[in-house]
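Structural overview
Each chain is listed here by its residues.
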Amino acid sequence: MRPLYQELSFLPSNYVNVYKEELPHFIVPWHYHPEIEIMYILEGTGMRFVGDHVEKYTEGNLCMVGSNLPHEWRNDQMFFEKKANLCYK
């Protein structure tokens, strides 16, 4: 599967941009962008796909993704079930 190019809407004059996502699960598919991304997981579990590396992620994980490196985070199935009774801050 080919990764999608994701256009990020940050100002080019800023060296560092911070974005906090507050959703019950990840929604961005396999993608890449020229910006370096640092991902910190506050809550949740699932699988992380970065380049050709696949690994489980859990709360408290920190990952840095290089420029133009395809990546995706996929939540475990329980995060898509309506009756899962999961809490989100």
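Since this is a predicted model, take the numbers as computed values, not measurements.

Before going further, it helps to spend a moment on the pattern of salt bridges. Scanning all chains against the criterion turns up 4 salt bridges. Two residues, aspartate 76 and lysine 56, come together in a salt bridge whose shortest N-O distance is 3.0 Å. Pair noted here: aspartate 76 is in the segment after strand 7 (71-75) and lysine 56 is in strand 5 (residues 53-57), with a separation of 20 residues, a long-range link. Classification of lysine 56 by relative accessible area gives partly exposed; the value is 43%. Here glutamate 72 and arginine 74 are joined by a salt bridge, their closest N and O atoms 3.1 Å apart. Taking relative accessible area as the criterion, glutamate 72 reaches 10% and is therefore assigned buried.

This brings us to the environment of asparagine 75. Tracing the backbone through its elements, the reader meets asparagine 75 in strand 7. What makes asparagine 75 buried here is its relative accessible area of 12%. Counting along the chain gives 30 residues from asparagine 75 to threonine 45, while the straight-line C-alpha distance between them is 5.8 Å. With sequence-adjacent residues up to four places away left out, asparagine 75 is seen in contact with His25, Phe26, Thr45, Gly46, Tyr57 and Phe80. Looking at asparagine 75, its side chain comes within polar contact range of the main-chain nitrogen of phenylalanine 26, at 2.6 Å. For asparagine 75, the side chain forms a polar contact with the side chain of tyrosine 57, separated by 3.1 Å.

Parameters at a glance
- Residues numbered from 1 in each chain as written.
- Predicted model: local features only at pLDDT ≥ 70, side-chain atom pairs only at ≥ 80, totals over all residues.
- Heavy atoms only, no water.
- Salt bridge = Lys/Arg side-chain N within 4 Å of Asp/Glu carboxyl O.
- Helix = DSSP H or I, 4+ residues; strand = E, 2+ residues; numbered from the N terminus.
- Buried < 20%, exposed > 50% of the residue type's maximum accessible area, 1.4 Å probe, protein only.
- Contact = heavy atoms within 4.5 Å.
- Polar contact = N/O pair within 3.5 Å; in protein donor to acceptor, adjacent residues only side chain to side chain.

By themselves, these are just geometric observations and shouldn't be taken as functional.
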